[in-house]
Amino acid sequence: MPLHSVSVAGVVVRDDGRVLVIRRADNGTWEPPGGVLELDERPEDGAVREVHEETGIKVSVERLTGVYKNMSRGVVALVFLCRPEAGAARTSSESTAVRWLTPEEVEGAMGEVYAIRVLDALDAATSPHVRSHDGRRLLESA
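Owing to the predicted nature of the structure, the values given are computational and were not obtained by experimental measurement.

Here is what the cut-offs are and how they apply
Residues numbered from 1 in each chain as written. Predicted model: local features only at pLDDT ≥ 70, side-chain atom pairs only at ≥ 80, totals over all residues. Heavy atoms only, no water. Salt bridge = Lys/Arg side-chain N within 4 Å of Asp/Glu carboxyl O. Helix = DSSP H or I, 4+ residues; strand = E, 2+ residues; numbered from the N terminus. Buried < 20%, exposed > 50% of the residue type's maximum accessible area, 1.4 Å probe, protein only. Pairing = 2+ DSSP bridges. Core = buried A, V, L, I, M, F, W, Y, C linked by side-chain atoms within 4.5 Å. Contact = heavy atoms within 4.5 Å.

Colleague: An account of the pattern of salt bridges is requested, with residue identities and associated values reported.
Modeller: This model, assessed by the stated rule, comprises 13 salt bridges. Glu-62 is the partner of Arg-83 in a salt bridge, and the nearest nitrogen-oxygen pair spans 2.9 Å. With Arg-83 in strand β6 (residues 75–86) and Glu-62 in strand β5 (residues 58–70), this pair connects stretches of sequence that are 21 residues apart. A relative accessible area of 45% means that Glu-62 is categorised as partly exposed. Linked by salt bridges that have partners in common, Glu-38, Glu-41, Arg-49, Glu-50 and Glu-53 make up one network.

Given below as structure tokens:
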């Protein structure tokens, strides 16, 4: 039986359209804040927890915007559009920088598989996007 890991991430958007991102401490990449969903945790609660742990920002979840599977690692990521509620941005043991980027800056700062998560969340479509990737590049649908 195959085993999958489930992770969650929050694409936190301010009123001015800027998006909250972190530079990960372990690999230096810019990504939306997120991490592994705990066994006894609702996905939305996991996204709220991870964003707060990594950035100091408390958020509310608006909706699921995408489901992403890393085919090479068996990780399924659930991404939620969130709004900031309280707190001040700060780094953590998991982040070396926290920034509010424009959508254009996101495209330049992030690798393809993370930038698409942010862009999908900013897309006004009501249906969640479902995508697969190999860890670096999106894979075409069958």
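Moving on, there is more to tell.
Colleague: Residue-level account of the pairing of strand β1 (residues 5–12), with values.
Modeller: Most of β1 sits inside the fold, with six of its eight residues counted as buried. Taken together, the eight bridges between β1 and β6 define a ladder with parallel strand orientation. Across the sheet, Val-12 pairs through a bridge with Cys-82, a residue of β6. Where β1 and strand β4 (residues 34–36) come together, three bridges link them in antiparallel fashion. Across the sheet, residue Ser-7 finds its bridge partner in β4, namely Val-36.

Colleague: Describe the nonpolar core, listing the residues and the values that go with them.
Modeller: If you look at the biggest cluster of nonpolar residues, it comprises 18 residues, and the most contacted ones within it are Val-11, Val-19, Val-21, Val-106, Met-110 and Val-118. Of all elements in the fold, only β1, β2 (19–24), β6, β7 (95–101) and α3 (112–122) reach the threshold of two or more residues within this core. Looking at this core, the element that brings in the most residues is α3, giving four residues. With sequence-adjacent residues up to four places away left out, Val-19 is seen in contact with Val-11, Val-12, Val-13, Arg-99, Trp-100, Leu-101, Val-106, Val-118 and Leu-122.

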